[in-house]
Structure formats: C-alpha cells, structure tokens
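Summary of the model geometry
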Amino acid sequence: MDTVTQSIEELRESLTNTREAIRKLKAQRRSIIEEIKSLREKRRELINKIREERKKVRELIEEKRRAQEEYAELQKERNEVLETYKKAKELAMRLKKEYEEIVSSIPISERELKRRIGALERRIETGRLTVEQEREIVMRIGYFEAMLGEYARAKKIKKEHLEAAAEAGRWRFFLNESSARLREKGKEIADLKKKIGDAMSSLDQLGGEIEKLDEEINKKSKEADELREQLDSLFEKLREIRESIKKIIQEREKKVEEEIIEEVAVIAKQKLRMGEKLDIGELMALVKTGEELVGGEGEKGGK
C-alpha cells in the first residue's frame, strides 16, 4: 500500500469515526430535546394548575367577602335582638320586684282581708251600732279594701311581669337563634380562610416546582446548545476530511494523468523519430510536457 492510499484509508477511517460521533451526538441531543419537551409539557400543566388555583383563590376570597358582609349583618341583627332582650328582661325583673315588694308590704293575706271585710259588713247590717261604732267599722273596711286594692295592683303587675317574662323568653329564643347563625357564619368564614390558606400554600408549592423545572430546562437547553456546538465542530471536521480526501484523490488523479501524458509523450517522440504520423492525443501530450515538435514530423512539414 502506497503512502497516498494509506492517507486516504486513514482519512476514510477518520471520516467513519466522525460520522459515528455525529450519530451518537445527534441521538444524545435528540434525547435531551425530548426531555426538554417533556419538562416544558410538565411546566405547562403546572401553569394551568396555577391558573386554576388562582381562580379558586379569587372565588374563595369573593365568597369570604360576602360571608363577612353577611356576618356583619347577622352581628348587627344579634346586637339589636340582644338589646331588645335585655330591655324585656329588665322590665320583667323590675315588675317582679315591684310585685314582691307590694305583696310583702301587705301584712294580711287577701283571703283574710275578704273574710274580715265580709264580717264587718254583716256586723253593720245586723248589729245595733252607735254612729261612732259604725264609723269606726267603715274606716276599718276602707283600710282593708285599700289593702285589697294593693293586691289588685299587685295582680296587675304580676300579669304584666308574666307578659314581660314571656316577651323576654321570646327574644331570648331569637337571641339564641341569631347567635347560632352568627357562630355558623363565623365557622364558614374560618373554613374559607383555611381553604384560601391551603390554596395559597398550593400556589407556593407549584411556583417552587416551576422554578425547579425552569432550572432543569435551562440546564438541558445549555447541554443541547453545547452538543449543537460539538456537532457543528464535527460537521466542520467532516467537511475538512472530505475536502482532504477529494484533494488527495484529485492530486493522485493528476499525477496519474501526468504519468500517462509523459508515457504518451515518450511514445510520440519515438514515432517522430521514426517519421510516423501523430494523433491529436500524442500531439497534446507533447504540448503538455513542453516538448518541441522536431524530428520526422518537422521534416515532413519541410518537404
């Protein structure tokens, strides 16, 4: 194997190795690009989740705002009910106290008072009384009737007390009902706050995952760019190898052509010496080798 053939074989081997390296780098780069596509798809999915979570947060915040407005209305209503209940309760307690004070201030029971008044009235009707005695009995009857009047007033106050107590009880029921609604609405607001907090935590987590994906995508993109640069370098090397092979082949073909021309020129010179006619190829060979057209051909021209 001559040196030229050996050089071509070495270049062809280098060409094969370079192509194999390019094939491997392309496969590696395709794999990385697929990873990048997968990572970007995950990132799009996370962004869609973030949009959904943000929409959910906005809806929850609006729901919480409405619930807080309702809570304020319920609180206002409860305060009004509480104030009415307090007034009704105070009135019932005041009437009860007034009733008890009246009853406790009368030293004789109502039944006894009626008995005594009846006895005194019968005494007036049946007894023989002096004017003075009758006047004294009338005064006593008046005294006892005044006490009965107090009992009547006490009964009226007791009735008012019962009505006020019933009204206070009714407002207490409303108060309990209003308080229950207020507690329920407060629980609803607390639940909404928790949901908002959970959604915000989810947004933070999703944001962190996107940051990690961005870092991974940037890292993989950098690797893909580096592989692209390596491929560009290998493609340049491949081009140079092909150019070298082409150049060597052209040089070898040129050398072979020159050798053939020289051989044809030698034959042409011999034919000239022998006075034989040259064909166009032999003439061109002599021209290319720089030989003078002398000898038989020239002599023929002289004749």
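The rules behind these values
- Every residue gets a number counted from 1 within its own chain, in the order that chain's sequence is written.
- In keeping with the model being predicted, local features are shown solely for residues with a pLDDT of at least 70 and side-chain atom pairs are shown and tallied solely at 80 or more, while totals for entire chains, interfaces and linings include all residues.
- Each side-chain value is derived from all of the structure's non-hydrogen atoms; neither hydrogens nor water enter the calculation.
- The aromatic pairing rule takes the rings of Phe, Tyr and Trp, using the six-membered ring of Trp, and pairs them if the centres are within 6.5 Å, calling planes under 30 degrees apart stacked, those over 60 edge-to-face and the rest tilted.
- The helix and strand labels rest on DSSP assignments: H or I over at least four residues marks a helix, E over at least two residues marks a strand, and numbering proceeds from the N terminus.
- Only protein chains enter the calculation, and the probe is 1.4 Å; a residue is then buried if its accessible area is under 20% of its type maximum, exposed if over 50%, and partly exposed in between.
- We call two residues in contact when some of their heavy atoms are within 4.5 Å.
- Axes here mean lines fitted to C-alpha atoms, for a helix over just the part in contact, with angles spanning 0 to 180 degrees between N-to-C directions.
- Angles are sorted into four bins: roughly parallel if under 35 degrees, roughly antiparallel if over 145, roughly perpendicular if 65 to 115, and oblique for all others.
- It is the rotation of the near helix from the far one that decides the hand of a crossing: anticlockwise by less than a right angle makes it left-handed, clockwise makes it right-handed.
- By the convention adopted, Pro, Cys, Tyr, Trp, Phe, Met, Ile, Leu, Val and Ala count as nonpolar, Lys, Arg, Asp and Glu as charged, and the other residues, Gly among them, as polar.
- Values of pLDDT, which run from 0 to 100, indicate the predictor's confidence residue by residue.
- Only residues whose relative accessible area exceeds 30% and that form no salt bridge enter a patch; like-charged residues are grouped when within 9 Å of one another, and nonpolar side chains (Val, Leu, Ile, Met, Phe, Trp, Tyr) when within 5 Å.
- The accessible surface values rely on the Shrake-Rupley method and a 1.4 Å probe; as for residues, cover is taken only from the protein chains in view.
- A pair is scored as a salt bridge if a Lys or Arg side-chain nitrogen falls within 4 Å of a carboxyl oxygen belonging to Asp or Glu.
- None of His or the chain ends enter the tally, which takes Lys and Arg as positive and Asp and Glu as negative.
- Lys charges are placed at NZ, Arg charges at CZ, Asp charges at CG and Glu charges at CD.
- By definition, the arc is the one covered by directions from the helix axis to the C-beta atoms.
- Here a polar contact means two N or O atoms within 3.5 Å. Within protein one must be a hydrogen donor candidate and the other an acceptor candidate, and residues neighboring in sequence count only if both atoms are side-chain atoms.

What follows is about the packing of aromatic side chains. Under the criterion given, the structure shown has three aromatic pairs. Pairing Trp-171 with Phe-174 gives two aromatic rings, centres 5.3 Å apart and planes at 80 degrees, and the pair type is edge-to-face. On the criterion of helical spacing, the pair formed by Trp-171 and Phe-174 is a turn pair, its members being three residues apart in helix 3 (residues 131-273). Relative accessible area serves as the criterion here: at 27%, Phe-174 is assigned to the partly exposed category. One aromatic cluster in this structure is built from Trp-171, Phe-173 and Phe-174.

Moving on: the environment of Arg-12. With respect to the secondary-structure elements, Arg-12 resides in helix 1 (residues 3-105). For Arg-12, a relative accessible area of 42% gives the class partly exposed. Spatially, the C-alpha atoms of Arg-12 and Ile-245 are 7.7 Å apart, while their sequence positions differ by 233 residues. In this structure Arg-12 touches Ile-245 and Ile-249, once residues within four positions along its chain are discounted.

This part covers the packing of helix 2 (residues 110-126) against helix 3. Running from amino to carboxyl end, helix 2 crosses helix 3 at an angle of 155 degrees, the nearest separation of the two axes being 10 Å. Taken together, the axes of helix 2 and helix 3 are roughly antiparallel relative to one another. Judged by the sense of rotation from one axis to the other, the crossing of helix 2 with helix 3 is left-handed. Each of Glu-110, Leu-113, Lys-114, Arg-116, Ile-117, Leu-120, Glu-121, Arg-123 and Ile-124 in helix 2 lies in contact with helix 3, whose residues at this interface are Glu-134, Ile-137, Val-138, Arg-140, Ile-141, Phe-144, Glu-145, Met-147, Leu-148, Tyr-151 and Lys-155. Tallied by class, the residues present in the contact of helix 2 with helix 3 amount to eleven nonpolar, no polar and nine charged.

As a further point, take the confidence of the model for the protein chain. Low pLDDT means the predicted coordinates in that region are not meant to be read closely. Averaged over every residue, the pLDDT of the protein chain is 89; the share at 70 or more is 95%. Below pLDDT 50 for its whole length, residues 295-303 participates in ten contacts with residues either more than four positions away or in separate chains.

The next thing to look at is a negative patch on the surface. Where like charges cluster on the molecular surface, the negative patch consists of Glu-253, Glu-257, Glu-258, Glu-259, Glu-262 and Glu-263. Position of Glu-253 among the secondary structure elements: in helix 3.

So, on to helix 4 (residues 280-289). Residues that lie three or four places apart on an α-helix share one face, since the helix turns once every 3.6 residues. For helix 4, the set of buried residues is Glu-282, Ala-285 and Leu-286. Summarising the axial view, the buried residues of helix 4 lie within an arc of 95 degrees, below the 170-degree limit, and thus occupy one face. Exposed residues on helix 4 whose side chains face more than 90 degrees from its buried face are Ile-280, Val-287 and Lys-288. Against the buried residues of helix 4 lie helix 3. The N-capping residue of helix 4, defined by a side-chain oxygen 3.1 Å from the backbone nitrogen of Gly-281, is Asp-279.

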